Amino acid sequence: ELSVYVEATQVVVDAPSGDDDICLRISRPDGACALVPRPAGGWGGGRPPEHEAVGIVGLLTLASGAYLMLVINRKRAARASGYEIWQATGFEVIALGEPHKLPGRVLREERELVRGVKKHILGCRCLYLSYEHDITHTAQRIATRVQRAQPLWRRAEPRFFFNRHAVEPLISACADRWVLPLLLGFVHHHEGVLNGRAFDVLTIARRSSRRAGVRFHQRGLGGSGCGEVAHLVESEQVLLCMGRLQSHVQLRGSIPLTWWQPPQLMVADPHRSIVLAEGKAGVAGCAAHVSWLLDEYGPELSVVSLVNESKGAEIALGHALARELTRMGEALVTYVPFDFHAVCSGGRLERISLLLEQLGEALGRHGAFEQELQPTGAPPLPPRAGSANTLALPEAQHTLSAFPPRSGSANSLAASHDGRMAERTATERAAKSRARTAPPSPPASTAGMEEKGEGEEPPPTAVGTAAAACAVGKLPLWTNFSLLPPARLRDGCARGRILSVQFGVVRTNCVDCQDRTNVAQAEVGMLVLQAQLRHAKVLLPHETLELHRVFHAQRRCVWADHGDAHSILYSGTPAVKGDFVRTGKRSLHGQARDVLNSLTRFVRNNLSDGERQDAYDLFLGGYSLSPARRPTDSLYAAPARTTLLAYAVRCVLAGLVLLAVATVACAQMCEAAEGMAGPEMPFRMRTVASACAWSEVQVYAQWRGGELLPL
């Protein structure tokens, strides 16, 4: 806990429970940070602090000076494997300058920007923190790359270190103990018991801070050609059971092409405003993005595209993506097109199982990360039948090179893409062909999921669920522990022996990477969890999660909450089709909620998302003070007034036409009703006639009272 003392020339942050006698001093109004010794009697001469906090978010710099952001409330989101993850629920923003001395208009705009950060960034309830565990990394990255001797912020993944820009003043002052990495995304901890065995399931989703923003203002690739895409989310599902950790990672991200979709007030089809850059500019950076995915997650990459392939405005994006990925070759990327709206039309969302059948083989090749967890110095856990507990690799290993180290910059990724990909194409194509033509039963050292007795014939393997049975417990083809630097594995292996690693990833996208992507990722996550539980001997070899209805329903709700969190951050509303993700079937209530969410998105995304994008840019450093413009100029304003005026005129004219048509129709129905006898009049006709008569009385009454003008 931190004590914050506000004084006339400085703000001092003290940690009374700390081991040293050092405090953090933040000067006013510029926000310069420095470390100062704590007085003998404590700071403030024994007076109580003005604020008590549990963490520092960072500082924002505007025209009047700096603003200090503090975390003052938190609640536990997860507690497993010896560490805790907290959700930040309360914040305090302290103005270090004197905003009231600014001119009126500048003061008003600065207050709007600060209010936007409070509401859309700090108030989103999607910021998470941990004091002892690096939540910006997956379990596999922690075990194979992270050096634990470094401070927490130094070993954090920059892409998912969401407040990295805000804590720059603290980093410059070497205030390592006060720098607290924040994660923007979703965290859930589920304690389960099945068949008498207890386990923990952690779901952690990390949103990238690169090209972060809202729906219509951040699309596709950036203009720098470094391969950064908008709305990149890394979702990890961790299973902790019987001293072992299993982890599986999925990705979502905007279509890796250069395209944009400016806000346009069009009700019929918002995707008509999609603009794809022509020629090479449209695919610039796609190779760099794929190269980064291969370097980061392994040589097995499956790209699932859920955009429309037959009709609509999404065809151009789908065809351009297919051409670019096909050009790279099947040996590097497995492209899986799935026209979601065509296959699952008419509310038949259960047909998403067809996608799982296509991904079953890929999930088996990707594998999953598995590690023994044990106290330091404890004897190793006994080997488990059917899992890869040795470093012996399959025969195909010797034909592949080791996993390449991560490049230093995104530009180097793009520059070395063609040469490095050409070298890996031949060997990886040969390895894939051998893997696809191999018999369905894997070797004993790499058997993934099911125990088989000696001489027992393995059951037939289908392409879908059964083919994903080898999704965990399998040593990857590219990993050779003897070739990896010992320093990269020293800290990871200190916690326990690494049994297997994930050497591929499924990257899913639709146009918005929200509703359709949520459905697909939820189904893949449920399938992988079933495989993980079978591998952990919690489920029997042929037992499914559907047999445990309560647990199955709880896990579906977790994935629905996961999709809602990302949808709220990106579009401002919960996800559409969330009722299917939550219950496995469509409902009338869910469809009505989808209509309401779609209307809310239409209004917010077209009229008020400029303020939300400003908040992201200010928090992440995309907003900078410049003499060439006013200090608080908006980066992404709402549509021009001419657009709003034109749209208002269209709405008024459409309303008048609808009113005229309804008036004529009601008059004709009333005349038809008058010509019929009362008992012989159909029930529907009587209802319509009664409604027409009531509306006619009401209209004439208001007209006589001067409340309506005659048309």
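Residues numbered from 1 in each chain as written. Predicted model: local features only at pLDDT ≥ 70, side-chain atom pairs only at ≥ 80, totals over all residues. Heavy atoms only, no water.

Trainee: How would you sum up the overall build of the protein? Please name residues and give values.
Mentor: Check the secondary structure of the protein and you find 17 helices and 20 strands. The 711 residues of the protein split such that 52% are buried. If you take every contact in the protein between residues at least 6 apart in sequence, the share linking residues at least 24 apart comes to 69%. Surface accessibility of the protein: about 31,700 Å² in total, with carbon and sulfur atoms responsible for 58%. (Helix = DSSP H or I, 4+ residues; strand = E, 2+ residues; numbered from the N terminus. Buried < 20%, exposed > 50% of the residue type's maximum accessible area, 1.4 Å probe, protein only. Contact = heavy atoms within 4.5 Å. Areas by Shrake-Rupley, 256 points an atom, 1.4 Å probe, with all protein chains shown as cover.)

Trainee: Go over the pattern of salt bridges with me, naming the residues and quoting the values.
Mentor: Any two side chains of opposite charge can pair, given that their charged atoms come close. Inspection of every chain in the model, using the stated rule, returns 32 salt bridges. With its nearest N and O atoms 3.0 Å apart, the salt bridge here joins E228 to R210. Taken together, the residues E228 in the loop between β11 (197-207) and β12 (233-241) and R210 in the loop between β11 and β12 connect sequence positions 18 residues apart. Since its relative accessible area comes to 10%, E228 is described here as buried. Note that E372 and R244 form a salt bridge whose closest N and O atoms lie 3.3 Å from each other. Of this pair, E372 sits in strand β18 (residues 369-372) while R244 sits in strand β13 (residues 244-252); the two residues are 128 residues apart in sequence, bridging distant segments of the chain. Accessibility classification places E372 together with R244 in one group, the buried group. Overlapping salt bridges bring together R141, R206, E234, E236 and E296 as one network. (Salt bridge = Lys/Arg side-chain N within 4 Å of Asp/Glu carboxyl O.)

Trainee: Which residues make up a nonpolar patch on the surface, and what values go with them?
Mentor: Together, V649, V652, L653 and L656 give the surface a local cluster of nonpolar side chains, amounting to about 360 Å² of exposed area. As for its position among the elements, L656 is in helix α16 (residues 641-674). (Patch = residues over 30% accessible without salt bridge, like charges linked within 9 Å, V, L, I, M, F, W, Y side chains within 5 Å.)

Trainee: Describe in detail the packing of helix α4 (residues 286-297) against helix α5 (residues 315-328), supporting the description with residues and values.
Mentor: Working note: a packed helix pair is described by the angle between its axes plus the distance between those axes. Running from amino to carboxyl end, α4 crosses α5 at an angle of 60°, the nearest separation of the two axes being 11 Å. One finds that α4 runs oblique with respect to α5. Crossing of α4 against α5: the hand is right-handed. Contacts between α4 and α5 pair C286, A287 and V290 from the former with E324, L325 and M328 from the latter. For the contact of α4 with α5, the residue count by class is five nonpolar, no polar and one charged. (Axes fitted to C-alpha atoms, helices over the stretch in contact; angles between N-to-C directions. Parallel < 35°, antiparallel > 145°, perpendicular 65-115°, else oblique. Left-handed = near helix turned anticlockwise from the far one by under 90°. Nonpolar A, V, L, I, M, F, W, Y, C, P; charged D, E, K, R; others polar.)

Trainee: Requested: an account of the packing of aromatic side chains, with residues and values cited.
Mentor: Geometry of an aromatic ring pair is reported as the spacing of the ring centres plus the angle between the planes. Going through the model one piece at a time under the given rule, you end up with three aromatic pairs. Ring centres of F199 and F551 lie 5.5 Å apart, and the angle between their planes is 85°; this geometry places the pair in the edge-to-face category. Residue F199 is located in strand β11, and its partner F551 is located in helix α12 (residues 549-571); the two are separated by 352 residues in the primary sequence. With relative accessibility at 3%, the residue F199 sits in the buried group. In this arrangement the basic side chain of R177 is found over the ring face of W178, its NZ or CZ atom lying 4.8 Å from the centre. (Phe/Tyr/Trp six-rings, centres within 6.5 Å; stacked < 30°, edge-to-face > 60°. Lys NZ or Arg CZ within 6 Å of the ring centre and 35° of its normal.)

Trainee: Now, about the pairing of strand β1 (residues 2-6): what can you tell me, with residues and values included?
Mentor: Judged by how many residues are buried, β1 sits mostly within the fold: four of five residues are covered. With three bridges connecting them, β1 and strand β5 (residues 51-53) associate as antiparallel partners. What sits directly across from V4, in β5, is H51. Of the pairings in the sheet, the one linking β1 to strand β2 (residues 10-14) comprises four bridges and is antiparallel in character. (Pairing = 2+ DSSP bridges.)

Trainee: Provide a residue-level description of the sheet that holds strand β4 (residues 33-37), including the pertinent values.
Mentor: Taken together, the five strands give an open sheet; going across it, the order is β4-β3-β2-β1-β5, and neighbouring strands pair in antiparallel fashion. The sheet terminates laterally at β4 and β5, the two strands that pair on one side only. In this sheet, neighbouring strand axes are inclined to one another by 25° on average, regardless of whether the strands run parallel or antiparallel.

Trainee: Break down α12 for me, citing the residues and quoting the values.
Mentor: Between its terminal C-alpha atoms α12 stretches 32 Å, which fits the 33 Å expected from 23 residues at 1.5 Å a residue. At the C-terminal side of α12, G572 shows a positive phi close to 95°. (Expected span 1.5 Å × (residues − 1).)

Trainee: Break down the pairing of β2 for me, citing the residues and quoting the values.
Mentor: Here β2 lies mainly inside the structure; five of its five residues are buried. Taking every second residue as pointing to the same face, both faces of β2 are buried, with Q10, V12 and D14 on one and V11 and V13 on the other. Hairpin remark: β1 followed by β2, antiparallel, with three residues in the connecting loop. Note: β2 against strand β3 (residues 22-27), four bridges, orientation antiparallel. Bridged to V12 within β3 is R25.

Trainee: Could you give an account of the side chain of E324, with specific residues and numbers?
Mentor: Looking at the element boundaries, E324 is found in helix α5. Leave out the neighbours within four places in its chain, and E324 touches V283 and C286.

Trainee: Tell me what's going on with helix α1 (residues 104-121), and back it up with residues and numbers.
Mentor: Between its terminal C-alpha atoms α1 stretches 25 Å, which fits the 26 Å expected from 18 residues at 1.5 Å a residue. Summarising the contacts, the buried residues of α1 are in contact with β6 (55-62), β7 (65-80), β8 (83-95), β9 (127-129) and α15 (609-620).

Trainee: Let's hear about the confidence of the model for the protein: which residues, and what values?
Mentor: The predicted model of the protein has a mean per-residue pLDDT of 77, with 71% of residues at 70 or higher. Taken element by element, the protein is modelled with least confidence in helix α8 (residues 410-415), mean pLDDT 34, and with most confidence in β9, mean pLDDT 97. Counted against residues more than four places away or in other chains, residues 376-492, with its pLDDT under 50, gives 209 contacts. In the predicted structure, residues 698-711 sits below a pLDDT of 50 and forms six contacts with residues beyond four places in sequence or in another chain. (pLDDT = per-residue confidence, 0-100.)

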